[in-house]
Amino acid sequence: QVQLVESGGGLVQAGGSLRLSCAASGITFSMYDMGWYRQAPGKQRELGATISSGGRTNYADSVKGRFTISRDNAKNTMYLQMNSLNPEDTAVYYCNAKLRGSTRSGYWGQGTQVTVSS
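About the thresholds
Residues numbered from 1 in each chain as written. Predicted model: local features only at pLDDT ≥ 70, side-chain atom pairs only at ≥ 80, totals over all residues. Heavy atoms only, no water. Helix = DSSP H or I, 4+ residues; strand = E, 2+ residues; numbered from the N terminus. Rg over C-alpha atoms; globule rule 2.2 N^0.38 Å. Buried < 20%, exposed > 50% of the residue type's maximum accessible area, 1.4 Å probe, protein only. Contact = heavy atoms within 4.5 Å. Areas by Shrake-Rupley, 256 points an atom, 1.4 Å probe, with all protein chains shown as cover. Lys, Arg positive; Asp, Glu negative; His and termini not counted. Charge placed at Lys NZ, Arg CZ, Asp CG, Glu CD. Pairing = 2+ DSSP bridges. Phe/Tyr/Trp six-rings, centres within 6.5 Å; stacked < 30°, edge-to-face > 60°. Lys NZ or Arg CZ within 6 Å of the ring centre and 35° of its normal.

K.L.:
Outline the overall build of the protein chain, supporting the account with residue identities and numerical values.
P.N.:
What the protein chain contains, in helices and strands, is zero helices and eleven strands. Each helix and strand of the protein chain, ordered N terminal to C terminal, gives the series β-β-β-β-β-β-β-β-β-β-β. Relative to the compact-globule value of 13 Å for 118 residues, the protein chain shows a C-alpha radius of gyration of 14 Å, a close match. Within the protein chain, the proportion of its 118 residues that are buried is 42%. The contacts of the protein chain with a sequence gap of at least 6 include a subset with a gap of at least 24, amounting to 55%. Accessible surface for the protein chain amounts to roughly 6,300 Å². Of this, 45% is attributable to carbon and sulfur atoms. The centroid of the 12 positive side-chain charges in the protein chain is displaced by 6 Å from the centroid of its 7 negative side-chain charges.

Right, here's the structure in full:
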């Protein structure tokens, strides 16, 4: 069975940092495009950052320069390093895995809460 498990969320003050992890199992990780999406209260889920199976990255304008997405295929894990956090970053952050070239929506994790105070 496919599992995507996010971790690393929590409560942090404005200006602080967090690193999120997404551990994948049940898929050939290196063949999947990966991404972080977030959903703030009362808002639609939106793109945060993606990283393709080949390592190409893409960032939403709102996080560009502050967040860094990466992956370690040997560990079947994707990361999101979040720096200079502000209250607008408060959201549930979800991990997504989509097979390269697939038209399917892909798989989703359960989400991890990030709360930025003040």
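K.L.:
Outline unusual backbone geometry, supporting the account with residue identities and numerical values.
P.N.:
Located in the positive-phi region is Asn76, a residue other than glycine, with phi close to 50 degrees. Mapped onto the elements, Asn76 comes out in the loop between strand E7 (67-72) and strand E8 (77-82). Of note in the backbone geometry, Ser84 takes a positive phi value of approximately 50 degrees without being a glycine. Of note, Ser84 is situated in the loop between E8 and strand E9 (91-99). Owing to a relative accessible area of 43%, Ser84 belongs among the partly exposed residues under this scheme.

K.L.:
Please give an account of the pairing of E7 that cites residues and values.
P.N.:
Burial along E7 is one-sided: the face carrying Phe67, Ile69 and Arg71 is buried and the face carrying Thr68, Ser70 and Asp72 is not. Across six bridges, E7 lies against E8 in antiparallel orientation. What sits directly across from Arg71, in E8, is Met78. Two successive antiparallel strands, E7 and E8, enclose a turn made up of four residues, where Asn76 displays a positive phi of approximately 50 degrees.

K.L.:
Go over the packing of aromatic side chains with me, naming the residues and quoting the values.
P.N.:
Geometry of an aromatic ring pair is reported as the spacing of the ring centres plus the angle between the planes. In the structure shown here, the tally under the stated rule is two aromatic pairs. Taken together, a centroid distance of 6.5 Å and an interplanar angle of 40 degrees make the contact between Tyr32 and Tyr107 tilted. Taken together, the residues Tyr32 in strand E4 (residues 32-39) and Tyr107 in strand E10 (residues 107-108) connect sequence positions 75 residues apart. Owing to a relative accessible area of 10%, Tyr32 belongs among the buried residues under this scheme. Considering the side-chain rings of Tyr37 and Trp108, the 5.2 Å spacing of their centres and the 65 degrees angle between planes classify their relative orientation as edge-to-face. Within this pair, whereas Tyr37 is found in strand E4, its partner Trp108 is found in strand E10, the two being separated by 71 residues in sequence. For Arg45, the ring lying beneath its charged end belongs to Tyr94, and the centroid distance is 3.7 Å. Its end group placed over the ring of Trp108, Arg45 keeps NZ or CZ at 4.7 Å from the ring centre.

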